[in-house]
Amino acid sequence: MDAITNAMMTDYRAAYAAGKMRRGAQESIQYGGGGALRSAAAMGGFTGYLTAFSAARMIKTADGAWSAAGKADCEAPVCTEYESDNYRIKVDTGAPSLCFDIYNQLGERLGAFSYNDIIIKHDTLTGKQFLISEHGTLSYDALVLDEELKNALCKVMGVESLETEKLQGFSLKTHAGTGIQYLLKDGEAGAGGRVLLQSDEDVRKFEALAETYGNRYPNLIRDQNAAYIRADLEIRGLAARTGQGILSINHDGISYTDNGDHGKNWTILYEGDTYKTVFEWMSQKGSMQEMESIAAWKWLFGL
């Protein structure tokens, strides 16, 4: 495995350890981006996060009993646990600042947000609304907000409505091959991004893309997790499929890994804004087969 790809895989392994991704026959891999990728065994179908529900909300009181929620129940103190039809919110009051852990009803963790993160980020171009929590460089949770989740957060915080501001510092991108969207922070092209699975159709396309990786490159993709990782990278523009192998593209280098002949593997490192030239050149190339050869890239870089 080349150094660039290994670094990417390490990031995902860290996410597994943190509980942001799960695996297992009855579970899923969760990318924390407004939707959950779930196995057919666990799901039997996918509930889109853009669908609003008129849910009977419940709160958990200090003695552990569940009761019908009303605004007064959550005003003071803030509820520490709250459940609606499709979401469960747990509030960690022991953290330096209140931390909201948001789960779906399958127990999949969708993201962690501090009290100050609970602000609707409104995208004026699409009308979509997001909840975003930044955890450092290249690391952030993002959810597409629906009415049910907004109402649940209002109940927990004891407010009538959530503060809203214009989405800034992020842009909503769309993967041409699948139509799946991802949120990208300004300045992190070639490295960051958060995939947003917003409907059952998104999940179907994502799983189909992952299956393509597994079927086409069996020597490189040894399990379902690896297939999901590659699909996620491709949607964010950080991986591409060729006839015999996989290109890994990053802000500081590009590498090729061959499915059948390791002797054909190669890596080129670069600096600065070179990745922009790489992305532009790839978008104009008609044949991915040609990109397997390092000779084509040497020509691009004048080597």
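Computed from a predicted model, the values in this text were never measured in an experiment.

So, about the sheet that holds strand β16 (residues 239-241). The 4 strands lie next to each other as β16-β17-β18-β19, forming an open sheet whose pairing is antiparallel. The two strands at the open ends of the sheet, each matched to only one other strand, are β16 and β19 (266-269). Within this sheet the neighbouring strands show an average axis-to-axis angle of 15 degrees, counted without direction. Sheet strands in contact with helix α6 (residues 224-235) are β16 and β17 (245-250), and its direction is about 105 degrees off that of β16. The sheet contacts of helix α8 (residues 294-301) involve β17, β18 (253-258) and β19, and relative to β19 the element is tilted by about 15 degrees.

Grouped together as the largest cluster of nonpolar side chains are 31 residues, with contacts concentrated most on Leu-183 and Phe-206. Examining the composition of this core, we find that 7 residues originate from one element, α6, more than from any other. Residues Leu-110, Leu-131, Leu-149 and Met-157 belong to the second largest nonpolar core, which totals 20 residues.

Across the interface, helix α7 (residues 274-284) lies against α8 with an axial gap of 12 Å and an inter-helix angle of 125 degrees. Between α7 and α8, the angle is such that the two are oblique. Pair α7 / α8 crosses with right-handed handedness. Note on element contacts: α8 touches α7 through Ala-296, Trp-297, Trp-299, Leu-300 and Phe-301, opposite Thr-274, Thr-277, Val-278, Trp-281 and Met-282. Partitioning the contact of α7 with α8 into residue classes produces 8 nonpolar, 2 polar and no charged.

Counted under the stated rule, the structure contains 5 aromatic pairs. With a centroid separation of 6.2 Å and an interplanar angle of 40 degrees, the aromatic rings of Phe-100 and Tyr-115 are classed as tilted. Taken together, the positions of Phe-100 in strand β7 (residues 99-104) and Tyr-115 in the loop between β8 (109-114) and β9 (120-122) put the pair 15 residues apart, joining distant regions of the chain. For Phe-100, a relative accessible area of 0% gives the class buried. Its relative accessible area of 35% is what places Tyr-115 among the partly exposed residues. Pairing Tyr-213 with Tyr-217 gives two aromatic rings, centres 6.0 Å apart and planes at 50 degrees, and the pair type is tilted. For the pair shown, Tyr-213 and Tyr-217 are each scored as buried.

Here the focus is the pairing of β17. For β17, the tally of buried residues reaches 6 of 6 residues, placing the bulk of the element in the interior. Where β16 and β17 come together, 3 bridges link them in antiparallel fashion. Bridge assignment links Ala-240 to a residue of β17, and that residue is Leu-247. Linking two consecutive strands that pair antiparallel, namely β16 and β17, is a turn of 3 residues. Adjacent in sequence and paired antiparallel, β17 and β18 are bridged by 2 residues.

You can see Asp-146 is positioned in the loop between β11 (139-144) and α4 (147-157). On the accessibility criterion, Asp-146 (4% relative accessible area) is buried. Within the structure, the side chain of Asp-146 is placed 2.9 Å from the side chain of Tyr-87, a separation counted as a polar contact. Within polar-contact distance, the side chain of Asp-146 engages the backbone nitrogen of Glu-148 at 3.3 Å.

Moving on to the confidence of the model for the chain. Of the residues in the chain, 70% reach a pLDDT of 70 or more, and the chain-wide mean stands at 74. Below pLDDT 50 for its whole length, residues 1-77 participates in 190 contacts with residues either more than four positions away or in separate chains.

Our next topic: α4. Since the α-helix turns once every 3.6 residues, residues separated by three or four places project in the same direction. Most of α4 sits out of view: 8 of its 11 residues are buried. Within α4, the full set of buried residues consists of Glu-148, Leu-149, Lys-150, Ala-152, Leu-153, Cys-154, Val-156 and Met-157. With a side-chain oxygen lying 3.3 Å from the backbone nitrogen of Glu-148, the N-terminal cap of α4 falls on Asp-146. Once α4 finishes, Gly-158 follows within two positions and takes phi at roughly 70 degrees, a positive value.

Conventions and cut-offs
- Residues numbered from 1 in each chain as written.
- Predicted model: local features only at pLDDT ≥ 70, side-chain atom pairs only at ≥ 80, totals over all residues.
- Heavy atoms only, no water.
- Pairing = 2+ DSSP bridges.
- Helix = DSSP H or I, 4+ residues; strand = E, 2+ residues; numbered from the N terminus.
- Axes fitted to C-alpha atoms, helices over the stretch in contact; angles between N-to-C directions.
- Contact = heavy atoms within 4.5 Å.
- Core = buried A, V, L, I, M, F, W, Y, C linked by side-chain atoms within 4.5 Å.
- Buried < 20%, exposed > 50% of the residue type's maximum accessible area, 1.4 Å probe, protein only.
- Parallel < 35°, antiparallel > 145°, perpendicular 65-115°, else oblique.
- Left-handed = near helix turned anticlockwise from the far one by under 90°.
- Nonpolar A, V, L, I, M, F, W, Y, C, P; charged D, E, K, R; others polar.
- Phe/Tyr/Trp six-rings, centres within 6.5 Å; stacked < 30°, edge-to-face > 60°.
- Polar contact = N/O pair within 3.5 Å; in protein donor to acceptor, adjacent residues only side chain to side chain.
- pLDDT = per-residue confidence, 0-100.

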